[in-house]
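# Commentary on secondary and tertiary structure
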Amino acid sequence: MDSKQFKEAATSAIDEIVSYYDTIQDRRVVSNVQPGYLKKLLPDGPPQDGEAWADIQKDIESKIMPGLTHWQSPNFMAFFPASSSFPGMLGELYSAAFTAPSFNWICSPAVTELETIVLDWLAKLLNLPDCYLSTSHGGGVIQGSASEAIVCCMVAARDKYLRETTSHLSGIELEDAIAYKRSRMVALGSDAAHSSTQKAAQIAGVRYRSIPVTKETDFALTGVALAEALEQFKAEGLEPFYLTTTLGTTSTCAVDDFESIASILSKYAPPDVPGEIWVHVDGAYAGAALVCPEYHHLTTAFKHFHSFDMNMHKWLLTNFDASCLYVKKRKDLIDALSIMPSYLRNEFSESGLVTDYRDWQIPLGRRFRSLKIWFVLRTYGVKGLQAHIRKTVKLGETFAGLIETRKDLFEIVTGPSFALTVFTIVPKVAGKGEQDRITKDVYETVNKRGEVYITSSVVGGVYVIRVVSANPLAEEKYLRKAFRILVETTEELRDGRVPREESSKGVIVDVKGVGIEKVAALNGNGVAK
Ligand code: PLP
């Protein structure tokens, strides 16, 4: 493909993408192809002779689209959103054009310097304490995911703990002490913390314990619960060295009680004293709300903690991936993750005047991800980002308000909190078993119908449905539609009526023959004619 052909192909691709976004609400939101559908549609190997772009592009609609669940659809109310925006996409386009694994500053100074600048802009916007800025001892780095950020922090915390608590030893005594401590070290999170903390402990080779949280504290971790757990771990001879706290838990968007946690830790494991517990704040989704001053009070205690992470790609209009990790002391991260073989040595790195982000992450190479953040921050401006958060929070309140109007059918468990409402279905015959059963039935039937996509969870032992209104294209009419579908489905299932047959909404259901015909019945935008 030469530059002229690229221009034509790119124009055609952009046209198709724009049309996809303009009509996305008409597509079935969740894919309903069967496992292995694609293998049946593609040849056994690549073509011997190169194909024309027009032929390749055609396969997007006929072969790929049916297997997509449309996360950008306003009917997508599941999980947490994965934001996309046109400025974000343009950032990705330029990043692809400049492709370079810019691990060291000299590999492309702009890649490193823009990242430092935009992450400092963002830190100020999120009201993070100054200690998280690059101008202090801390700084931000873009990771691929909140899970990766937690692995990096846990590894830094592990090494710091071992270094500081064994600094008086040497030789075989040091080796023995490290081996013993490694076998006793435990990473902590609450019951409601995302599973990525447990996974990070698995990777870091340390124990993991979760601290119970209950409805009484709205599923938030408190200092009291932490203190009890720490006493218990001490009695078991374990050595807690790391804790994930959460701003916006996955199931209910609970916010841990940062102030009381900081207060307990100042007594149990005082900051800046060897053996302190590294506290990470996981704001993967709800951290985005900190762009609005009305949430700034949540960051007051962060100065006592060690790291904070939020995904711009969840709720802040930036395409996947853009997980923004901040540490209070960059040295802790670099001490754990830096390695300097001879082939990476260069005068700039050795001068100590530049940042080499390879020392702040697991992989060596890294993409130019700060471009899309820069484009998004500039295109929307602070006011635009705040408007997006406030609009979607308000939509969450509207949806919860609708749910409240049918107390005969629904019971809110938590929220609306950060655009998330969590509720159960009220069974016709009271009883927890019956409640869980009907809630699960409604959830599964709604998703099978594919008009809206929602998620379920188990919270405090209760089966619940989660509806999130934070999608970039969210609008009141779609939430009203989701409410209507929930009411209809609940009434049908409570009355024991067989749910109506699903229409395939013009999208392939099964790719054996029938599906192919359906593709032919789509107009150019993939919408049923
Ligand atoms: N933390 C929280 C609170 C989450 O809700 C999620 C995912 O939804 C994660 C971490 C994991 O995010 P990632 O996919 O960026 O690793």
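Each chain has its residues counted from 1, following the order in which its sequence is written. Local features are withheld for residues below a pLDDT of 70 in this predicted model, meaning they are given only at 70 or higher, and side-chain atom pairs are given and counted only at 80 or more; totals for whole chains, interfaces and linings count all residues. Hydrogens are left out, water is left out, and the side-chain values use all remaining heavy atoms of the structure.

You'll find the protein chain entered in an unreviewed UniProt entry as Aromatic-L-amino-acid decarboxylase, with Hyaloscypha bicolor E given as the organism. Recorded in UniProt for the protein chain, the comment headed Cofactor (unreviewed entry) runs: "pyridoxal 5'-phosphate". UniProt positions are given in the numbering used here, feature names are shortened, and annotations may be inferred rather than shown by experiment. Taken from UniProt, the Sequence similarities (unreviewed entry) comment for the protein chain reads in full: "Belongs to the group II decarboxylase family."

Moving on, we come to the site of the ligand. The criterion for a residue being near a molecule or strand is simple. One of its heavy atoms has to lie within 4 Å of it. Around the ligand sit Phe80, Ser145, Ala146, Ser147, His194, Ser196, Gly248, Thr250, Asp282, Ala284, Asn311 and Lys314, and that is every residue in its neighbourhood. Between an oxygen atom of the ligand and a side-chain N or O atom of Thr250, the distance comes to 2.9 Å. Asp282 places a side-chain nitrogen or oxygen 2.5 Å from a nitrogen atom of the ligand. Under the convention used here, a 1.4 Å probe and the Shrake-Rupley method define accessible areas, while residue burial counts only the protein chains that appear. About the coverage of the ligand: the protein hides 85% of its 400 Å² of free accessible area. Class assignment of the residues belonging to the shell around the ligand gives a composition of 3 nonpolar, 7 polar and 2 charged. As used in this structure description, the phrase polar contact means that two N or O atoms lie within 3.5 Å; if the pair is within protein, one of them must be able to donate a hydrogen and the other to accept it, and residues adjacent in sequence are counted only when both atoms belong to side chains. The classification used treats Ala, Val, Leu, Ile, Met, Phe, Trp, Tyr, Cys and Pro as nonpolar, Asp, Glu, Lys and Arg as charged, and all other residues, Gly among them, as polar.

The subject of this paragraph is the sheet that holds strand 11 (residues 462-468). Spatial ordering of the open sheet is given by 8-9-11-10, a layout of 4 strands whose pairing is antiparallel. This sheet does not close on itself; its edge strands, each paired only once, are strand 8 (410-417) and strand 10 (455-459). This sheet shows a mean twist of 30° between the axes of neighbouring strands, independent of strand direction. Inspection of the sheet shows strand 10 paired to strand 11 by 5 bridges, in the antiparallel sense. Within the sheet, the bridge partner assigned to Thr455 lies in strand 11 and is Arg466. Contact criterion: two residues are considered in contact whenever any of their non-hydrogen atoms come within 4.5 Å of each other. A fitted line through C-alpha atoms serves as each axis, taken over the contacting stretch for helices, and the angle formed by two N-to-C directions is quoted from 0 to 180°. By definition, any uninterrupted DSSP run of H or I lasting at least four residues is a helix, any uninterrupted run of E lasting at least two residues is a strand, and each is numbered from the N terminus. Across the face of the sheet, helix 14 (residues 370-404) comes into contact with strand 8, strand 9 (420-425) and strand 11 while running at roughly 165° to strand 8. Sheet contacts for helix 15 (residues 432-449): strand 8, strand 9, strand 10 and strand 11; angle to strand 11, the most-contacted strand, approximately 35°. When DSSP finds two or more bridges between two strands, those strands count as paired.

What follows is about the packing of aromatic side chains. Working definition: a ring pair exists when centres of Phe, Tyr or Trp rings (six-membered ring for Trp) sit within 6.5 Å. Plane angles under 30 degrees give stacked, over 60 give edge-to-face, the rest tilted. Here the structure, examined in full by the defined rule, presents 26 aromatic pairs. Where Trp71 meets Phe79, the ring centres are 5.5 Å apart and the plane angle is 10°; that geometry is what we call stacked. With relative accessibility at 33%, the residue Trp71 sits in the partly exposed group. Residue Phe79 is classed as partly exposed on the basis of its relative accessible area, which comes to 36%. Summarising the aromatic geometry, the rings of Tyr94 and Phe375 are spaced 6.0 Å apart at their centres and angled 85° between planes, so their arrangement reads as edge-to-face. Here Tyr94 is found in helix 4 (residues 86-97), whereas its partner Phe375 is found in helix 14, with 281 residues between them in sequence. Only protein chains enter the area calculation, which uses a 1.4 Å probe; residues under 20% of their type maximum are buried, those over 50% are exposed, and those in between are partly exposed. Among the residues examined, Tyr94 registers a relative accessible area of 42% and is labelled partly exposed. In this structure an aromatic cluster arises from ring pairing among Phe80, Tyr285, Tyr295, Trp315 and Phe418. Charge over a ring is defined by NZ of Lys or CZ of Arg lying within 6 Å of the ring centre and within 35 degrees of the ring normal. The ring of Trp374 carries Arg378 above its face, with NZ or CZ at 4.7 Å from the centroid.

A word on the pattern of salt bridges. Pairing between side chains of opposite charge can happen when their charged atoms approach one another. One speaks of a salt bridge when a side-chain nitrogen belonging to Lys or Arg is within 4 Å of a carboxyl oxygen belonging to Asp or Glu. Inspection of every chain in the model, using the stated rule, returns 32 salt bridges. Lys160 is paired through a salt bridge with Glu164; the nearest N and O atoms lie 3.2 Å apart. Residue Lys160 and its partner Glu164 are located together in helix 6 (residues 146-165), separated by 4 residues, close to a single helical turn. On the accessibility criterion, Glu164 (27% relative accessible area) is partly exposed. Bridged by salt links that share partners, the residues Glu92, Asp321, Arg367, Arg369 and Lys372 form one connected network.

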